[in-house]
Amino acid sequence: MKSVAKKTIFSIKPYIPGKPISEVKRELGLKEVIKLASNENPYPPSPKVLKAITQAAKEVNRYPDGDCFYLRSALAKRLKVNPRQLIFSNGSDELIVMAVRAFVDNGDEVIIAKPSFLIYEIASKIEGANIKNIPLKDFSYDLDSMKKAVTKKTKIIFLGNPDNPSGTYLKDQDVAKFLRGLRKDILVFFDEAYYEYVDEKDYVDSLGLLKNYKNVIVTRTFSKMYGLAGLRIGYGIANLELVDILNRIREPFNVNSIAQVAALACLNENAYYKDIAKKVKDQREFLYKSFDRLGLEFKKSYTNFILINVKSDSTLVSQKLLKKGVIVRDMSSWGVKNFIRVSIGTQKENKKFIKVLGEIL
Ligand SMILES: Cc1ncc(COP(=O)(O)O)c(C=O)c1O
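Residue numbering note: each chain is counted from 1, following its sequence as written. Local features in this predicted model are restricted to residues of pLDDT 70 or higher, and side-chain atom pairs are both shown and tallied only at a pLDDT of 80 or more, whereas totals for entire chains, interfaces and linings draw on every residue.

1. Some words on the overall build of the chain
Here is step 1 of the chain: Looking only at helices and strands, the chain has 13 helices and 13 strands in total.
Here is step 2 of the chain: Atoms counted for the radius of gyration: C-alpha only. Globule rule: 2.2 Å times residue count to the power 0.38. The C-alpha radius of gyration of the chain comes to 20 Å, within 12% of the 21 Å expected for a compact globule of 361 residues.
Here is step 3 of the chain: For the chain, the spread of C-alpha atoms along the three principal axes comes to 55 × 50 × 50 Å.
Here is step 4 of the chain: Expressed as a percentage of the 361 residues in the chain, the buried residues total 43%. Numbering goes from the N terminus for both helices and strands, where a helix is a DSSP run of H or I of at least four residues and a strand is a run of E of at least two. The burial criterion counts other C-beta atoms lying within 10 Å of a residue's C-beta, which is placed from the backbone; the residue is buried at 20 or more, exposed at 12 or fewer, and partly exposed between these limits.

2. Looking at the site of the ligand
Here is step 1 of the chain: Around the ligand, the structure places 14 residues, and the nearest of them are Gly-91, Asp-93, Asn-164, Thr-221 and Ser-223.
Here is step 2 of the chain: Any residue that is not Ala, Val, Leu, Ile, Met, Phe, Trp, Tyr, Cys, Pro, Asp, Glu, Lys or Arg is counted as polar, Gly included; the first ten are nonpolar and the last four charged. Residues belonging to the shell around the ligand are distributed by class as follows: three nonpolar, eight polar and three charged. By convention here, the C-beta atom is placed from the backbone, and a residue is near a molecule or strand when that atom is within 6 Å of it.

3. Description of the sheet that holds strand 9 (residues 297–298)
Here is step 1 of the chain: What makes two strands pair is DSSP finding at least two bridges between them. Spatial strand order, 9-10-13-12: four strands in an open sheet with antiparallel pairing. One side of each edge strand has no neighbouring strand; the edge strands of this open sheet are strand 9 and strand 12 (329–330).
Here is step 2 of the chain: Direction of pairing for strand 12 relative to strand 13 (residues 339–343): antiparallel, over a ladder of two bridges. Bridging from a neighbouring strand, Asp-330 pairs with Ile-340 of strand 13.
Here is step 3 of the chain: Here contacts are defined at the residue level, using C-beta atoms placed from the backbone and a cut-off of 7 Å between them. Lines are fitted to the C-alpha atoms to define the axes, a helix being fitted only along its stretch in contact, and any angle between axes, read from their N-to-C directions, falls within 0 to 180 degrees. The strands touched by helix 12 (residues 314–323) are strand 12 and strand 13; relative to strand 13, the strand with the most contacts, the crossing angle is about 40 degrees.

4. Comments concerning unusual backbone geometry
Here is step 1 of the chain: Along the chain, Lys-114 connects to Pro-115 via a cis peptide bond; the corresponding omega equals 0 degrees.
Here is step 2 of the chain: Residue position: Pro-115 is located in the loop between strand 3 (109–114) and helix 5 (118–126).
Here is step 3 of the chain: The peptide bond linking Asn-164 to Pro-165 adopts the cis configuration, its omega dihedral lying at 20 degrees.
Here is step 4 of the chain: Residue placement: Pro-165 occurs in the loop between strand 5 (154–160) and helix 7 (172–179).
Here is step 5 of the chain: With a phi close to 65 degrees, Arg-232 is a non-glycine residue in the positive phi region.
Here is step 6 of the chain: With respect to the secondary-structure elements, Arg-232 resides in the loop between strand 7 (216–221) and strand 8 (234–238).
Here is step 7 of the chain: Classification of Arg-232 by C-beta neighbours within 10 Å gives buried; the count is 20.

5. Overview of the nonpolar core
Here is step 1 of the chain: In plain words, the nonpolar core is the set of buried Ala, Val, Leu, Ile, Met, Phe, Trp, Tyr and Cys residues that C-beta atoms within 7 Å link up. Core analysis: the biggest nonpolar cluster contains 94 residues, and Ala-99, Ile-156, Phe-189, Ile-217, Leu-228, Ala-262 and Ala-263 have the highest contact counts within it.
Here is step 2 of the chain: Domain delimitation follows an automatic or database domain assignment. Residue assignment places this core across two domains, with domain 1 (7–45 + 270–360) and domain 2 (47–266) each supplying three or more.
Here is step 3 of the chain: Here Leu-228 is in contact with Pro-45, Phe-222, Ser-223, Ile-233, Ala-259, Ala-262, Ala-263 and Cys-266, once residues within four sequence places are set aside.

6. Quick word on the sheet that holds strand 2 (residues 86–89)
Backbone hydrogen bonds hold the strands of a sheet together, and the pairing may be parallel or antiparallel.
Here is step 1 of the chain: Overall, mixed pairing links the seven strands, which are arranged 2-8-7-6-5-3-4 in an open sheet. Looking at strand neighbours, the two that pair on one side only are strand 2 and strand 4 (130–135), the edges of this open sheet. For this sheet the average axis-to-axis angle between neighbouring strands, irrespective of direction, equals 20 degrees.
Here is step 2 of the chain: As paired elements, strand 5 and strand 6 (residues 187–191) share five bridges and run parallel to each other. What sits directly across from Ile-157, in strand 6, is Val-188.
Here is step 3 of the chain: Running at roughly 165 degrees to strand 5, helix 4 (residues 93–103) makes contact with strand 2, strand 5, strand 6, strand 7 and strand 8 of the sheet.

7. Considerations on the domain arrangement of the chain
Here is step 1 of the chain: Considered domain by domain, the chain is made up of domain 1 (7–45 + 270–360) and domain 2 (47–266).
Here is step 2 of the chain: If you average the C-alpha positions of domain 1 and of domain 2, the two centres end up 24 Å apart.
Here is step 3 of the chain: Taken together, the 27 residues of domain 1 in the interface contact 31 residues of domain 2.
Here is step 4 of the chain: Elements supplying a minimum of two residues to the side of domain 1 that touches domain 2: helix 11 (270–294) and strand 10 (305–309).

8. Brief notes about the pairing of strand 3
Here is step 1 of the chain: In terms of burial, strand 3 is largely enclosed, as five of its six residues are buried.
Here is step 2 of the chain: Summarising the sheet, strand 3 and strand 4 pair through six bridges and their orientation is parallel. Residue pairing for strand 4: Lys-114 is matched across the bridge by Pro-135.
Here is step 3 of the chain: Handedness rule for crossovers: strands pointing away from the viewer, path from the first strand over the helix to the second running clockwise, crossover right-handed. Regarding the hand of the β-α-β motif, the stretch spanning strand 3, helix 5 and strand 4 is right-handed.

9. Considering the packing of helix 12 against helix 13 (residues 347–360)
Here is step 1 of the chain: Where helix 12 meets helix 13, the axes come as close as 10 Å, and the angle between the chain directions of the two elements is 125 degrees. Judged by the angle between their axes, helix 12 and helix 13 are oblique. Helix-helix and strand crossings are classified by hand; for helix 12 and helix 13 the assignment is right-handed. Packed against helix 12, whose contacting residues are Val-317, Lys-320 and Leu-321, the element helix 13 presents Val-356, Leu-357 and Ile-360 at the interface. In these notes the angle categories are as follows: under 35 degrees is roughly parallel, over 145 is roughly antiparallel, 65 to 115 is roughly perpendicular, and the rest is oblique. In a left-handed crossing the near helix is turned counterclockwise from the far helix by less than a right angle, and in a right-handed crossing that turn is clockwise.

Given below as structure tokens:
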């Protein structure tokens, strides 16, 4: 079959996700395993969200509402946008794939920072794009170089804000400068998967940008802050014309019914998620202090994960952590040697991680 498969896909290295807890327990015969590898929220959904999920489970014999009517109405109200400016997806990942599928032909160019979220590159390669990787400067986007890399063939520029694995964010003034004079027929993709974790005053007001830029899409997710990673639901906000383009290739029932109900319930649980945001922030400080104590360098993060320089073979460090029941992400396969990425867990999980890391190092 290899000879007849699309040629473009053989340049892709399959995405390796963080190992599930059950797999590590099974393989290593461990009773207690903590996962700090996929930037999930370590807390379960609120009791009210769980109740909504249980209720919705009773109707899974029916197809979901392909239009996500109730969620669309509630979210549009919260974001103060036209409900038709929203497009829902099976995790925000799906919007990355859809955008590339809709805009990129074989031989077109896509501009992506390096290192950055791997799905941008995978999705682009599937469509036969030439990738222009622009190295980060001290783990932040080099927007000037990204702009200079634009050619007649450029179709999409991906801006992870904050990005994974760096955890750094883009400032409004820098983005304003970047967009000024940029061709209006290049899709500028703001991936805001970690939006809810950012408090900075100079964080880009991406929804404000939509008023002037028809070529901008902003994507967010219920996976990271809202703790619905297992249900797979994300959304995009863009101009009507852009949403119409993406809707043409969207699968009719791409968002399952339980995810829709759960996401809607999350929107009424502000206090619960505010508390989680505070816990994550406090734990981030705890981890920073612990890294200082261990003499480890790290990148200040605006997300629920931290990139750490272990100053030695990160594959080995990750494997040793795994054997002790702590799953983190080795960054060497992302091209970031000697670094691991750790998601911020509960206090108990973080303490265990630091204890084991200290022993290993
Ligand atoms: C930067 C970034 N974008 C998008 C996603 C995708 O999230 P989801 O598909 O769960 O919405 C992730 C997940 O790790 C991410 O780190």
